[in-house]
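Structure at a glance
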Amino acid sequence: MLIQRYSVKLISLDDKQQKLADVDGNNKITNADALSILRYTIKANVKFPIGQVTSV
């Protein structure tokens, strides 16, 4: 996944991508964000309001 690659510094993300990738809102993009997005895509329970972007 893109976010996992970013978290281990294999790729870079622009400002908009970084804002969207930080789904838990802690100002850090980590594998936890990637896992939350994965859980959301398979319709598993997630703790954060993924898919409810207010502004980018």
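Residues numbered from 1 in each chain as written. Predicted model: local features only at pLDDT ≥ 70, side-chain atom pairs only at ≥ 80, totals over all residues. Heavy atoms only, no water.

A look at the overall build of the protein
Note the threshold: Only runs of H or I of at least four residues qualify as helices and only runs of E of at least two qualify as strands under DSSP, and these elements are numbered from the N terminus. Each residue gets one of three labels from its accessible area relative to the maximum for its type: buried under 20%, exposed over 50%, partly exposed in between, using a 1.4 Å probe on protein chains only. By definition in these notes, contact holds between two residues if any of their heavy atoms fall within 4.5 Å.
Summing up its helical and strand segments, the protein has 3 helices and 0 strands in all. Start at the N end of the protein and walk to the C end: the helices and strands fall as α-α-α. Expressed as a percentage of the 56 residues in the protein, the buried residues total 20%. Of all intrachain contacts in the protein linking residues separated by at least 6 positions in sequence, the fraction that spans at least 24 positions is 37%.

Some words on the side chain of Asp 33
How we decide: Positive residues here are Lys and Arg, negative ones are Asp and Glu, while His and the chain termini are left out of the count. Within this document, salt bridges are pairs made up of a side-chain nitrogen of Lys or Arg and a carboxyl oxygen of Asp or Glu, the two lying within 4 Å of each other.
Examined against the element boundaries, Asp 33 turns out to sit in helix α3 (residues 31–41). As a buried residue without a salt bridge, Asp 33 has its nearest oppositely charged side chain in Lys 28, at a separation of 9.9 Å. When residues no more than four places from it in sequence are discounted, the contact partners of Asp 33 are Ile 3, Ala 21, Asp 22, Val 23, Asp 24 and Lys 28.

Concerning α3
Put simply, the rule reads: Each C-beta atom gives one direction from the helix axis, and the arc is the one those directions make.
Among all positions in α3, only Asp 33, Ala 34, Ser 36 and Ile 37 are buried. Seen from one end, α3 has its buried residues packed into an arc of 160°, which puts them on one side. In this structure, the buried side of α3 is in contact with α1 (2–7) and α2 (15–21). Looking one or two residues beyond α3, the residue adopting positive phi is Lys 43, at roughly 60°.

Considerations on a nonpolar patch on the surface
Threshold: Think of a patch as exposed residues, more than 30% relative accessible area, with no salt bridge, where like charges cluster within 9 Å and nonpolar side chains (Val, Leu, Ile, Met, Phe, Trp, Tyr) cluster within 5 Å. Each accessible area value is a Shrake-Rupley result obtained with a 1.4 Å probe; residue values ignore everything except the protein chains displayed when judging cover.
Taken together, the side chains of Met 1, Leu 35, Leu 38 and Ile 42 make up a nonpolar region of the molecular surface, amounting to roughly 400 Å² of accessible area. Turning to its location among the elements, Met 1 is positioned in the segment before α1.

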